[in-house]
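Inside the fold
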Amino acid sequence: MTQLPHSTERKLGLVIDLDTCVGCHACVISCKGWNTENYGAPLSDQDAYGGNPSGTFLNRVHSYEVQPQNGHAQLVHFPKSCLHCEDAPCVTVCPTGASYKRVEDGIVLVNESDCIGCGLCAWSCPYGARELDVAEGVMKKCTLCVDRIYNENLTEVDRVPSCVRTCPAGARHFGDLGDPDSDVSKLVAERGGIDLMPEQGTKPVNKYLPPRPKDTIEDQIDVLAPLLAPIAEEPKGFMGWLDKALEKL
Amino acid sequence: MHPAPSVIVFTTLSGLGFGLLFFLGLGLPNVTGWVAFTFFVIGFGLSVAGLLASTFHLGRPERAIKAFTQWRSSWLSREGWCAVAALILMGLYSIGAIFFAQRWGLLGFVGALFSILTVFTTSMIYTQLKSIPRWNMNLTPAMFLSFSLAGGALLAGQTALALISLLIAALVQILYWRQGDQALARSGTNIGTATGLGDRGSVRAFEPPHTGTNYLLREFVHVVGRKHAEKLRIIAFSLGFFIPVVLLIMPVNSVATKHFLAAVAVLSHLAGVATSRWLFFAQAEHVVGIYYGKR
Ligand code: SF4
Ligand code: SF4
Ligand code: SF4
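Residues numbered from 1 in each chain as written. Chains lettered and ligands numbered in written order. Predicted model: local features only at pLDDT ≥ 70, side-chain atom pairs only at ≥ 80, totals over all residues. Heavy atoms only, no water.

**Observations regarding the overall build of chain B**
Test applied: Only DSSP runs of H or I with at least four residues qualify as helices, and only runs of E with at least two residues qualify as strands; both kinds are numbered from the N terminus onward. Radius of gyration: over C-alpha atoms. The globule rule applied is 2.2 Å multiplied by the number of residues raised to the 0.38 power. Buried, partly exposed and exposed residues are distinguished by accessible area as a fraction of the type maximum, computed with a 1.4 Å probe on protein chains only: under 20%, between the cut-offs, and over 50%, respectively.
Summing up its helical and strand segments, chain B has 11 helices and 1 strand in all. Reading chain B from its N terminus to its C terminus gives the helix and strand order α-α-α-α-α-α-α-β-α-α-α-α. Taking 2.2 N^0.38 as the reference for a compact globule, 295 residues should give roughly 19 Å; the C-alpha atoms of chain B span a radius of gyration of 21 Å, in line with that estimate. Principal-axis analysis of the C-alpha atoms places the extent of chain B at approximately 70 × 45 × 30 Å. Per-residue burial for chain B yields a buried fraction of 54% across its 295 residues.

Put into structure tokens, the structure is as follows:
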């Protein structure tokens, strides 16, 4: 059904910390690893070992440089996967009903056996969170690891999305953003979590935590620095005269 | 956006075909027998060829029938319904005109309505996408509808109507280009809002997530073809509107010459609309390009 539910019982999603992400791409690989062999069609690669490799991924990490008015530029690593939007345009455009948003937890999924691969949902997503798989001809997107988070065959610690479980920096958090008392909601409130492209009106569930201001870089970078000061003093004698003479020229 | 030939062929031909069916449904011209047969063959041929071309870009064309299920929310689904309704209604109407030399007026009127509604639903598939600001404008349906009516009137041999609708379509085209060129800036989406880092300074895409290409770049980021956009606009405008109008107002006496000029006008218009459609796709910036520092 491609009509959006009026509200969902829960709003499961991710909170991504741009302050701690180190840009290692471990979540990208772990996402691909889990999702290529579980829910739905595999995530195919084309020309994987050739000169022009390309493939389907559900999560990708960009890197941006922010240059403030004054001070040093900052590098921000920026993981991006489906934001499980409340007002998901990708759902309503779908002609077949393959794209849907679940009432029970708000996860946006694709029923691959109904998908005709028209690509319109990917056109409608401003974030580039959907990729049409070249080999399968159907739309792939982040499932919020729906086959892990409820999976009783996994130990409890593993019942979180693969990317969250893998992140070595703890930059990805998973939880119910519809519940103001959940850990993720508290984290968002505390750190001033933001929406991406709010003007697009998609109301993303996933939130991004902005990087904290960096410590100021002082002139004296180290307490031992004075001891390392260059020993060359003002030149004396002939060299001193030469120095002054050259200066005057 | 990647200007996929299948979609350009589809929107150009079916727009023209349904435009012709619209006028035939209204009895302009009011034809019967073999003449009617020829007109309807052209109308159905163009619209069906266009619809078939549109299935070429599906990943799973064998399941296309499922696209009829979501008419409540999806413009693509509504387009499917309108197209089928228009073809069935006009099919029945054409039987009266071809075999019984009769014009079943009401049927023709409803068929005409669904024909033009099909063009409207096609345009709404593009117009609804906020992610592509250049399409997300009221002028998009205006452009599709005016082009379809102009082409339809030309094909239907309605010289006076064709002249008026060509002039309207030309005006809409210019307005569309003018407003479209500012659409991305006006949408308010930029690398600052895309990353949420805009209030800290100027943001620059430093490193893409992958060294090779991917579906997103292939489908949505088409920078190469925009180089010649200005020239192509002139070509599209001349072929699509200027030349047909000149050919229509040319004073000729012989009927044969008149028909010949009309045929040239149709072909020129078709080529012009196809060029304009190519630009419609190639120039459309999907905001996902911003994440890659491209547009
Ligand atoms: S991020 Fe894109 S694919 Fe995911 S729900 Fe939002 S619009 Fe749909
Ligand atoms: S590609 Fe599949 S899921 Fe996406 S809109 Fe088309 S049919 Fe629906
Ligand atoms: S939640 Fe699962 S599917 Fe989504 S990005 Fe993380 S690992 Fe990939």
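**Quick look at the layout of surface pockets**
Put simply, the test is: Here a cavity is any set of points on a 1 Å grid over the protein atoms alone where a 1.4 Å probe fits but cannot get out, and a pocket is any open set with protein on both sides within 12 Å along at least 5 of 7 lines; a residue lines the site when it has an atom within 4 Å of a point. Grid points are joined across faces, edges and corners, and a volume is the space filled by probe spheres set on the points. The residue classification treats Ala, Val, Leu, Ile, Met, Phe, Trp, Tyr, Cys and Pro as nonpolar and Asp, Glu, Lys and Arg as charged. All others, Gly included, are polar.
If you add up the space inside the largest pocket, you get close to 580 Å³. Listing elements by their share of the lining of the largest pocket, those giving two or more residues are helix 3 (120–124) of chain A together with helix 1 (5–25), helix 2 (33–55), helix 3 (75–99) and helix 4 (105–127) of chain B. Among the elements that line the lining of the largest pocket, the one with the most residues is helix 3 of chain B, at 6 residues. Of the residues that constitute the lining of the largest pocket, the class distribution is 19 nonpolar, 6 polar and 1 charged.

**A few points about the side chain of Arg233(B)**
Residue and element names in this part refer to chain B. To be explicit about the condition: N or O atoms closer than or at 3.5 Å make up a polar contact, with two conditions inside protein: a donor-capable atom paired with an acceptor-capable one, and, for residues adjacent in sequence, both atoms drawn from side chains. Two residues qualify as a contact provided that any one of their heavy atoms is within 4.5 Å of a heavy atom in the partner residue.
Mapped onto the elements of the fold, Arg-233 is located in helix 9 (residues 229–249). There is a polar contact of 2.9 Å between the side chain of Arg-233 and the side chain of Gln-283. Other than its neighbours up to four places away in sequence, Arg-233 contacts Arg-134, Trp-177, Asp-181, Leu-279 and Gln-283.

**A few points about the confidence of the model for chain B**
Residue and element names in this part refer to chain B. Note the cut-off: Note: pLDDT gives the predictor's confidence per residue, expressed from 0 to 100.
When pLDDT is averaged along chain B, the result is 94, and 99% of the positions lie at 70 or above. Here helix 2 stands out as the least confident element of chain B, with mean pLDDT 92; helix 5 (residues 139–155) is the most confident, with 97. Here the predicted complex carries an ipTM of 0.92, next to a pTM of 0.90.

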